[in-house]
Structure formats: C-alpha cells, structure tokens
Amino acid sequence: MNHKINIVIQATKCQIISEYDAENKAGLTKTEAQALVSTTGAIAQGMGFAQDASATFATQVTKLSADLSSFNNMPTEEVLMAVNSALTGEREQLKRLGIVIKETEVQQMALSMSGKAVAKSLTQQEKATATLALITSRAGVAVGDLERTQNSAANVGKRLGSMFRELMETIAISLMPTFELVLEQLDEICKKLGVETR
C-alpha cells in the first residue's frame, strides 16, 4: 500500500499521516486509512485534480465519510465507496445514508462555485467539488458525529477492532523476514525431494 500512497499523493503524504488520528477514531488502521485516502486521491486525480489538491480533497472526503459512517453506524469503507461513487456521478448509494442529490443540483452548485454560465462547460473536477459541497450540506448533523460520539459503544468497538488489526499487521511485518527464510528452506527441501512448489 505504501507504493500506492507514494505514487498517488507523495507530495502531501505527511498531511495524510497527520490526519491519521481522525481515521483511527473511525476504526481504521493506518494502512486502511492510507488506502482509502490514496484511492480517493487517485479518483480525484482522474477527474483533473493536481496531486496536492487531490490529497486535500481525498482527506476531506475521508473525514466526511468517517462522520457519515459514525452517524449511520456503517463501515467507513462502505460509506467512502458510496461517496466516491457520488463524486463520479453515481449517487444512488447515497440514499442509504439519507442523502439525495440530483444531477441538476450538482450542475447548479458547480455553476455557482465556478462562475461559469453553461452546464456543458463544467469539468469533472468542478462537478466533484460541487457534489462534495452538497453531500456535506445534506449530511447536516452527521458532520462532526465521529468526534461527538467517539466514546459510544459502536465507535469504541471500531477503534478496538482497528487496534487489533494494527497489532496483527505489525506482527506480520516483523515476522516477514523469518517467514521468507522458512519459505526459502521449504523450497530447497521440496526441490531436493523433487516436489514442484510453484
């Protein structure tokens, strides 16, 4: 995953790492948070955002998704997929979050934000920015819910789960050199026995 985050949003990687505390409150491991932010960053770059702007945009989207996740008691990854889909024009999944946004509303907001006069002249980036503004507006009381309810049973459970996943990941990474040696030795033994391993 480090490769993806380095490629997609290398210039602002420290900004994303500093946002990790909020993602941890959402019940995500550092790796999971980076994966979500880098995926959203890649989507943003595909819509015309520059690298720095895509990192900022992706972080905003991830934070909003964490709030919506907390408010609706849904997995953050699932909510983020719904928001990412909406940013690309597929807004049906937002209905599960109680948010309805129509294409005409996105166009009107994008025209207002960009100062353009004709909807056909809007870029994907302008429409995505308008969509995020509309989602944030329609989220209403859900905005800030993660911070307000971080000590609720559901959010504490999510954080505990992320702590255990983080611990397992750390153990797996630290044992990787040992596993590689064991696999090499098993491979040698299999070769000596004439057993094909790959």
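Computed from a prediction, not measured in an experiment: that's the story for all the values here.

### Considering the overall build of the protein
Thinking step 1. The number of helices and strands found in the protein is 10 helices and 0 strands.
Thinking step 2. When the elements of the protein are put in sequence order from the N terminus, they spell out α-α-α-α-α-α-α-α-α-α.
Thinking step 3. Taking all 198 residues of the protein together, 36% fall into the buried category.
Thinking step 4. Residue pairs in contact within the protein that sit at least 24 positions apart in sequence constitute 63% of those at least 6 positions apart.
Thinking step 5. Within the structure as shown, the protein displays about 11000 Å² of accessible surface, and the carbon and sulfur contribution to it stands at 59%.

### Overview of the packing of helix H4 (residues 30-46) against helix H5 (residues 51-72)
The packing of two helices is summarised by the inter-axis angle and the distance between the axes.
Thinking step 1. With their axes 8 Å apart at the nearest point, H4 and H5 run at an angle of 125 degrees to one another. The orientation of H4 relative to H5 falls into the category oblique. Where H4 crosses over H5, the two elements pack in a sense that is right-handed. Between H4 and H5, the residues in contact are Leu36, Val37, Thr40, Gly41, Ala44 and Gln45 and Gln51, Ser54, Phe57, Ala58, Thr59, Val61 and Thr62, respectively.
Thinking step 2. Among the residues making up the contact of H4 with H5, the classes are represented as 6 nonpolar, 7 polar and no charged.

### Regarding the nonpolar core
Side chains that are nonpolar tend, in soluble globular proteins, to be buried together.
Thinking step 1. Ranked by size, the top nonpolar core spans 35 residues in total, and within it Leu68 and Ile135 carry the most contacts.
Thinking step 2. Broken down by secondary-structure element, the contributors of at least two residues to this core are H4, H5, helix H6 (76-87), helix H7 (103-114) and helix H8 (124-139).

### Some points on H7
Thinking step 1. For H7, spanning 12 residues, the distance from its first C-alpha to its last is 16 Å, which sits close to the expected 16 Å at 1.5 Å a residue.
Thinking step 2. Residues Val106, Ala110 and Leu111 constitute the buried set of H7. Axial view of H7: buried residues confined to an arc of 130 degrees, hence all on one face. Of the residues in H7, the exposed ones pointing more than 90 degrees away from the buried face are Gln108 and Ser112.
Thinking step 3. Residues of H7 that are buried sit in contact with H8.
Thinking step 4. Just past H7, the residue Gly115 takes up positive phi, approximately 80 degrees.

### Digging into H6
Thinking step 1. Helix length check: H6, at 12 residues, gives a terminal C-alpha distance of 16 Å against a target of 16 Å (1.5 Å per residue), a fit within 8%.
Thinking step 2. Within H6, 9 of the 12 residues are buried, which leaves it mostly tucked inside the rest of the structure.
Thinking step 3. For H6, the set of buried residues is Thr76, Val79, Leu80, Ala82, Val83, Asn84, Ser85, Ala86 and Leu87.
Thinking step 4. For H6, the elements touching its buried residues are H4, H5 and H8.
Thinking step 5. After H6 finishes, the residue Gly89 shows a positive phi value of roughly 105 degrees.

Cut-off values and rules
Residues numbered from 1 in each chain as written. Predicted model: local features only at pLDDT ≥ 70, side-chain atom pairs only at ≥ 80, totals over all residues. Heavy atoms only, no water. Helix = DSSP H or I, 4+ residues; strand = E, 2+ residues; numbered from the N terminus. Buried < 20%, exposed > 50% of the residue type's maximum accessible area, 1.4 Å probe, protein only. Contact = heavy atoms within 4.5 Å. Areas by Shrake-Rupley, 256 points an atom, 1.4 Å probe, with all protein chains shown as cover. Axes fitted to C-alpha atoms, helices over the stretch in contact; angles between N-to-C directions. Parallel < 35°, antiparallel > 145°, perpendicular 65-115°, else oblique. Left-handed = near helix turned anticlockwise from the far one by under 90°. Nonpolar A, V, L, I, M, F, W, Y, C, P; charged D, E, K, R; others polar. Core = buried A, V, L, I, M, F, W, Y, C linked by side-chain atoms within 4.5 Å. Expected span 1.5 Å × (residues − 1). Arc of directions from axis to C-beta.

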